[in-house]
Amino acid sequence: ALVGGGVWISRETLFEAAVGCAYETDHGTNGFTNGVIAHKLTRREKEIIGLICIGATNKEIADKLYISPNTVKTHVYKIYKKIDAPNRMQAALWGAQNL
């Protein structure tokens with residue numbers, strides 16, 4: 001990306017930015033605060049959705065957080081339910097906009 005004139009940001013930096021901003025709120029178009037849902041996510045769920053936002057697989061998330069892939073799947077399922085996302089791509093988009 002850098003050779004082609006693009007911008008490169010490491011996954012770690014993106015993760016820190018995503019998790020660090022998780023506590024901020026932003027007013028959505030429906031008059032509610034998008035951060036309200038973000039505050040319903042646990043700290044671990046915020047970490048996981050932050051990693052999802054940067055394209056990490058369940059295995060990569062499990063390795064980074066020292067938990068089992070099955071535990072990651074459980075957290076991802078709960079995240080989907082809380083943010084009303086049907087799939088990983090929608091969850092990543094939600095995370096990018098709200099965390």
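Report on the accompanying structure. The model shown is predicted, which means the values in this text are computed figures rather than measured ones.

Some points on the pattern of salt bridges
Think of it this way: side chains of opposite charge can pair up when their charged atoms draw near.
Part 1 of the reasoning: For the structure on display, the rule yields 4 salt bridges.
Part 2 of the reasoning: Its salt-bridge partner being Lys82, residue Glu45 comes within 2.8 Å of it at the nearest N-O pair. Separated by 37 residues along the polypeptide, Glu45 in helix H3 (residues 43-53) and Lys82 in helix H5 (residues 69-83) bring together distant segments of the chain.
Part 3 of the reasoning: Owing to a relative accessible area of 2%, Glu45 belongs among the buried residues under this scheme.

Things to note about the nonpolar core
Note that soluble globular proteins tend to have their nonpolar side chains buried in a common cluster.
Part 1 of the reasoning: Counting residues in each nonpolar core, the largest one holds 21 residues, and the members touching the most others are Ile48, Ile61 and Ile83.
Part 2 of the reasoning: Those elements that provide at least two residues to this core are H3, helix H4 (58-65), H5 and helix H6 (88-98).
Part 3 of the reasoning: Of the residues forming this core, the biggest block, 5 residues, is contributed by H5.

Structural notes on the packing of H4 against H5
Part 1 of the reasoning: It is at 8 Å that the axes of H4 and H5 come closest, and there the two elements cross at 110 degrees. Classified by the interaxial angle, the pair formed by H4 and H5 is roughly perpendicular. Where H4 approaches H5, its residues Asn58, Ile61 and Ala62 are matched on the opposing element by Pro69, Val72, Lys73 and Val76.
Part 2 of the reasoning: Each residue belonging to the contact of H4 with H5 can be placed in one class, and the counts come to 5 nonpolar, 1 polar and 1 charged.

What counts, and where the lines are drawn
Residues numbered from 1 in each chain as written. Predicted model: local features only at pLDDT ≥ 70, side-chain atom pairs only at ≥ 80, totals over all residues. Heavy atoms only, no water. Salt bridge = Lys/Arg side-chain N within 4 Å of Asp/Glu carboxyl O. Helix = DSSP H or I, 4+ residues; strand = E, 2+ residues; numbered from the N terminus. Buried < 20%, exposed > 50% of the residue type's maximum accessible area, 1.4 Å probe, protein only. Core = buried A, V, L, I, M, F, W, Y, C linked by side-chain atoms within 4.5 Å. Axes fitted to C-alpha atoms, helices over the stretch in contact; angles between N-to-C directions. Parallel < 35°, antiparallel > 145°, perpendicular 65-115°, else oblique. Contact = heavy atoms within 4.5 Å. Nonpolar A, V, L, I, M, F, W, Y, C, P; charged D, E, K, R; others polar.

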